Structure formats: C-alpha cells, structure tokens
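Each chain, letter by letter, is given below.
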Amino acid sequence: LEAAAHEAREEATKLKKELVLVVEDSKKEAETIAAKAAEKAKALEAAANEAREEATKLKTELTVIVESSKKEVETLATKAAENAKILEAAAHEAREEATKLKKELVLVVEDSKKEAETIAAKAAEKAKALEAAANEAREEATKLKTELTVIVESSKKEVETLATKAAENAKILEAAAHE
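Computed from a predicted model, the values in this text were never measured in an experiment. (Residues numbered from 1 in each chain as written. Predicted model: local features only at pLDDT ≥ 70, side-chain atom pairs only at ≥ 80, totals over all residues. Heavy atoms only, no water.)

Some thoughts on the overall build of the protein
Inference 1: Counting its secondary structure elements, the protein contains 3 helices and 0 strands.
Inference 2: In sequence order, the protein lays out its α and β elements as α-α-α.
Inference 3: Taking 16 Å as the expected radius of gyration for a compact globule of 179 residues, we find that the protein reaches 31 Å, considerably beyond that expectation.
Inference 4: Along the three orthogonal principal directions, the C-alpha set of the protein runs to about 135 × 15 × 15 Å.
Inference 5: Taking all contacts inside the protein whose residues are at least 6 apart in sequence as the whole, residues at least 24 apart take part in 83%.
Inference 6: Working note: accessible area of the protein is about 13200 Å², and carbon and sulfur atoms make up 57% of it.
Inference 7: In the protein, the 32 positive side-chain charges and the 40 negative ones have mean positions that sit 2 Å from each other. (Helix = DSSP H or I, 4+ residues; strand = E, 2+ residues; numbered from the N terminus. Rg over C-alpha atoms; globule rule 2.2 N^0.38 Å. Contact = heavy atoms within 4.5 Å. Areas by Shrake-Rupley, 256 points an atom, 1.4 Å probe, with all protein chains shown as cover. Lys, Arg positive; Asp, Glu negative; His and termini not counted. Charge placed at Lys NZ, Arg CZ, Asp CG, Glu CD.)

Brief notes about the nonpolar core
Inference 1: Listed in full, the 12 residues of the largest apolar core are A41, L44, A48, A51, A84, L87, A90, A91, A94, L130, A134 and A137.
Inference 2: If you list the elements that add at least two residues to this core, you get α1 (2–64), α2 (70–111) and α3 (113–178).
Inference 3: Top contributing element to this core by residue count: α2, with 5 residues. (Core = buried A, V, L, I, M, F, W, Y, C linked by side-chain atoms within 4.5 Å. Buried < 20%, exposed > 50% of the residue type's maximum accessible area, 1.4 Å probe, protein only.)

Examining the side chain of N83
Inference 1: For N83, the location among the structural elements is in helix α2.
Inference 2: Looking at N83, the relative accessible area reads 19%, which means it is buried.
Inference 3: When residues no more than four places from it in sequence are discounted, the contact partners of N83 are E140 and L144.

Observations regarding a negative patch on the surface
Inference 1: A cluster of acidic residues, E24, D25, E29, E31 and E117, forms a negative patch at the surface.
Inference 2: If you tally residues by element for the negative patch, the top one is α1, at 4 residues.
Inference 3: For E117, the location among the structural elements is in helix α3.
Inference 4: Looking at E117, the relative accessible area reads 39%, which means it is partly exposed. (Patch = residues over 30% accessible without salt bridge, like charges linked within 9 Å, V, L, I, M, F, W, Y side chains within 5 Å. Salt bridge = Lys/Arg side-chain N within 4 Å of Asp/Glu carboxyl O.)

Thoughts on the environment of K40
Inference 1: Relative to the helices and strands, K40 is located in helix α1.
Inference 2: Looking at K40, the relative accessible area reads 24%, which means it is partly exposed.
Inference 3: Apart from the residues lying within four places of it in its own chain, the contact partners of K40 are A127 and E131.

A closer look at the pattern of salt bridges
Inference 1: Counted according to the given criterion, the structure contains 5 salt bridges.
Inference 2: The salt bridge partner of K40 is E131, with a shortest N-O separation of 3.0 Å. Separated by 91 residues along the polypeptide, K40 in helix α1 and E131 in helix α3 bring together distant segments of the chain.
Inference 3: According to the relative accessible area criterion, E131 is partly exposed, its value standing at 39%.

Regarding the confidence of the model for the protein
Inference 1: Looking at the protein, pLDDT values average 87 and 95% of them are 70 or higher.
Inference 2: Here α2 stands out as the element of the protein with the lowest mean pLDDT, 82, in contrast to α1, whose mean of 90 is the highest. (pLDDT = per-residue confidence, 0-100.)

Structure follows, in structure tokens:
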C-alpha cells in the first residue's frame, strides 16, 4: 500500500507538471491569436481611413462635374460614403471581437485546450470574412472611381459640344449682323 501510495503521488506530480505545460502552451497560443486579431483590426482601420480619404477625394471631383450629371454623381458619392461607414463599422467590430476573444481565450485555457482551438478557428474565420469585406469595399471604390471617370469624360465632351455649338451660333450671328 505504501509503495502504491508513493507511485500514485509520483504519477500525480508528473500529471501536474504536464498540465502546467499544456496551460502555458494554450496561454501563449491565445496571446498569439489575440495579437493577430489586433493586427487585423489595425489593418482594417487603415483600410477604412483609406476608404474615407478616397470618398472625400471623389466628392471633391464630383463638385467639378456639370449640373446635368449632378444627381447621378450624388448617388455615387453616397455609395462611397456608405462603403466607408461599413468598413469603419467592420474595423470597430473587429477590435471589439478581438478584445472579447482575448478575454474568452484566457478563461477557456483554464478549462480545455480544444475549446481554445475552436475559438481561435472562429477568430481566423472572422478575420478572413473581414478581409474579404475589405477587398470587396476596395473593389467597389475602384468601380465607383471608374464610373466617375466615365461620367466626367462624358460631361467634358458634352460641355465641349455645347461650346462648339455656341461658337458656331456666334459666327452665324456675327455674319447676320455684318450682312
């Protein structure tokens, strides 16, 4: 019995050491995942700032466009602003999610490593989804910029045509006045 008790104590000590190692590994993994989530949030925030700057730039370009295109241009500017708001909200959500996950991960590590891995996988999925949303918003901004360029070009052509017609009318009137 004494030998069995001694063996049980040794086994318990060994298991305790192994458990401490597993908990330490899980904590490190949780911190790494939280750091990655924070980096992703920063990148998304930068993307949101870039989108806001792009929206401001597009709005400035829009004011130069001819009055006949004004309604169409205002719609495009609204879309760009909405995209910027969506990105900003996504970045904010990512920061909150990263903070929430970091807290959850610290608690989960104490209970089990498998549960921590599940939450980490969810965080990675969320990051991928947000990255996809950022890419989509950038594509939308590029598309809007292209549309605006087309509108500006067509407006310039329209203005040039009107200017040419006005010059022709002036010549006709001048000839008529001369006559």
